[in-house]
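In case you want the letters, here they are:
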Amino acid sequence: MTDLSENMNETVNETRTVDLRVRAATIEDRPAVERLWLMFRHDMSEYQGGLPAADGTFRSERLESAFTGDGWAPYLLTLGDHLAGFAFVRGLDGPVRVLNSFFVVRGARRGGVGLRAVQEVLRRHPGRWEVAFQRDNAGGAAFWHRVAEQVAPGAWRRTERAVPGRPSLPADLWLSFTVRR
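Residues numbered from 1 in each chain as written. Predicted model: local features only at pLDDT ≥ 70, side-chain atom pairs only at ≥ 80, totals over all residues. Heavy atoms only, no water.

Engineer: How would you summarise the overall build of the protein if you had to cite specific residues and measurements?
Structural biologist: Helix and strand counts for the protein stand at five helices and seven strands. Reading the protein from its N end, one meets helices and strands in the order α-β-α-α-β-β-β-α-β-α-β-β. Here the protein has roughly 10400 Å² of accessible surface; of this, 51% comes from carbon and sulfur atoms. (Helix = DSSP H or I, 4+ residues; strand = E, 2+ residues; numbered from the N terminus. Areas by Shrake-Rupley, 256 points an atom, 1.4 Å probe, with all protein chains shown as cover.)

Shown next as structure tokens:
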């Protein structure tokens, strides 16, 4: 019975990733990305602290930069006709790209969607990469270590860096690797 259940789950997960699309987000997508941003910031508030403002929004400087900043690129993740998440890349005008923000909605997690989506984003911009995550985010840590090993087997490193302007928070963990063409 367990084998059948596992096989059924694998089939459902494979079907979900077949429908996955990663595309550049346009200005027309911004309202949808703003709503996804609220979900992302809500998830991250568990690790970074921070409460929404009186109007229910969170800080959104990175969201603004993703759509208007030099060297930035926003991506939208979809599964069929449904939104599945987003990715913001910065540093495209420099020597190191940074996956600044990456989010997959909870209903699309644990089926390979995140891994496939992040690999697609990374492949679009070969070169040196860095990804940061919070030490206390065990699920995120496991995911990002898996990503690093998939894209740069045995050729990645992890460092700790203080969170700028937030001395009360634990240091972030950063993974560095190179994505080949």
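Engineer: Describe the sheet that holds strand S7 (residues 172-179), naming the residues involved and giving the relevant values.
Structural biologist: Overall, mixed pairing links the seven strands, which are arranged S1-S2-S3-S4-S5-S7-S6 in an open sheet. Here the strands that pair on one side only, and so sit at the sheet edges, are strand S1 (20-24) and strand S6 (157-161). Geometrically, the sheet is characterised by an average inter-axis angle of 30° between neighbouring strands, direction not taken into account. Alignment of S1 against strand S2 (residues 73-79), held across five bridges, turns out to be antiparallel. In the sheet register, Arg21 faces S2, and the bridge partner there is Thr78. Sitting on the sheet, helix H5 (residues 138-151) touches strand S4 (96-104), strand S5 (127-134), S6 and S7, and the angle it makes with S7 is about 20°. (Pairing = 2+ DSSP bridges. Axes fitted to C-alpha atoms, helices over the stretch in contact; angles between N-to-C directions. Contact = heavy atoms within 4.5 Å.)

Engineer: I'd like a description of the environment of Glu130, backed by residues and values.
Structural biologist: For Glu130, the location among the structural elements is in strand S5. For the pair Glu130 and Leu175, spaced 45 residues apart in the sequence, the C-alpha separation amounts to 5.5 Å. Among the polar contacts listed, one links the side chain of Glu130 to the side chain of Arg161, at a separation of 2.7 Å. (Polar contact = N/O pair within 3.5 Å; in protein donor to acceptor, adjacent residues only side chain to side chain.)

Engineer: Give me the lowdown on the pattern of salt bridges, citing residues and values where you can.
Structural biologist: Across all of its chains, the model carries seven salt bridges by this definition. Residue Arg23 pairs with Asp29 through a salt bridge whose shortest N-O separation is 2.7 Å. Relative accessible area serves as the criterion here: at 21%, Arg23 is assigned to the partly exposed category. Glu34 is paired through a salt bridge with Arg30; the nearest N and O atoms lie 2.9 Å apart. Residue Glu34 and its partner Arg30 are both found in helix H2 (residues 30-48); the two are separated by four residues, about one turn of the helix. Here the salt bridges share partners, and the residues they tie into one network are Arg30, Glu34 and Glu64. (Salt bridge = Lys/Arg side-chain N within 4 Å of Asp/Glu carboxyl O. Buried < 20%, exposed > 50% of the residue type's maximum accessible area, 1.4 Å probe, protein only.)

Engineer: Describe unusual backbone geometry, and please don't skip the residues or the numbers.
Structural biologist: Backbone geometry at Arg110 places phi at a positive 70°, although glycine is not the residue there. Locating Arg110 in the fold gives a position in the loop between S4 and helix H4 (113-123). Note on Arg110: relative accessible area 80%, which makes it exposed.

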